[in-house]
Amino acid sequence: MASSSQKQGSSKYVTLISSDGFEFVVLREAACISKAIKKMLAGSFLETKRGDRCHFEEINGIVLEKVAEYFCYNHKNRNREDVPDMEIPPELCLELLMAADYLDT
């Protein structure tokens, strides 16, 4: 059975693009944990017209890579109870917190 996003003709994956041009391909279902990304892809935003590509002019590649890693980590472990902590370098903590706030994750 196809999901609602596949019925609408949209891709199973989305591409997240950082301010410095790095691209990260993530499962749509995993990325849509972010309310901001979900709204970007579902609404009348420019991202909908760009073919499932979300540009983040305020998030650099290093931070967006960790965000994409978190989306995959969260999706993979969503039904588990004993999930180990994800490794986060201390120097990225503040920027990741700001990105999480922006993405409404």
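Structure: above.
Only a predicted model underlies this, so the values are computations on that prediction, with no experimental measurement involved. (Residues numbered from 1 in each chain as written. Predicted model: local features only at pLDDT ≥ 70, side-chain atom pairs only at ≥ 80, totals over all residues. Heavy atoms only, no water.)

A. Quick peek at the environment of Gly51. Counting through the fold element by element, Gly51 comes out in the loop between helix 4 (46-49) and strand 3 (53-55). Accessibility expressed as a relative area gives 48% for Gly51, which makes it partly exposed. Distance from Gly51 to Leu41, taken between C-alpha atoms, is 9.1 Å for residues 10 residues apart in sequence. (Helix = DSSP H or I, 4+ residues; strand = E, 2+ residues; numbered from the N terminus. Buried < 20%, exposed > 50% of the residue type's maximum accessible area, 1.4 Å probe, protein only.)

B. Fine view of the packing of helix 5 (residues 61-76) against helix 6 (residues 93-103). Packing of helix 5 against helix 6 brings their axes to within 10 Å, and their N-to-C directions diverge by 65°. The element helix 5 and its partner helix 6 pack so that their crossing is right-handed. Note on element contacts: helix 6 touches helix 5 through Glu95, Leu96, Ala99 and Leu103, opposite Val63, Lys66, Val67 and Phe71. In the contact of helix 5 with helix 6, the residues fall into six nonpolar, no polar and two charged. (Axes fitted to C-alpha atoms, helices over the stretch in contact; angles between N-to-C directions. Left-handed = near helix turned anticlockwise from the far one by under 90°. Contact = heavy atoms within 4.5 Å. Nonpolar A, V, L, I, M, F, W, Y, C, P; charged D, E, K, R; others polar.)

C. Here's a closer look at the layout of surface pockets. What the second largest pocket holds in volume is close to 270 Å³. At the level of secondary structure, the elements contributing two or more residues to the lining of the second largest pocket comprise helix 5 and helix 6. With six residues, the top contributor of residues to the lining of the second largest pocket is helix 6. Class assignment for the residues of the lining of the second largest pocket results in 11 nonpolar, one polar and one charged. (1 Å grid on protein atoms, 1.4 Å probe; cavity = no way out; pocket = protein on both sides within 12 Å on 5 of 7 lines; lining within 4 Å. Points joined across faces, edges and corners; volume = space filled by probe spheres on them.)

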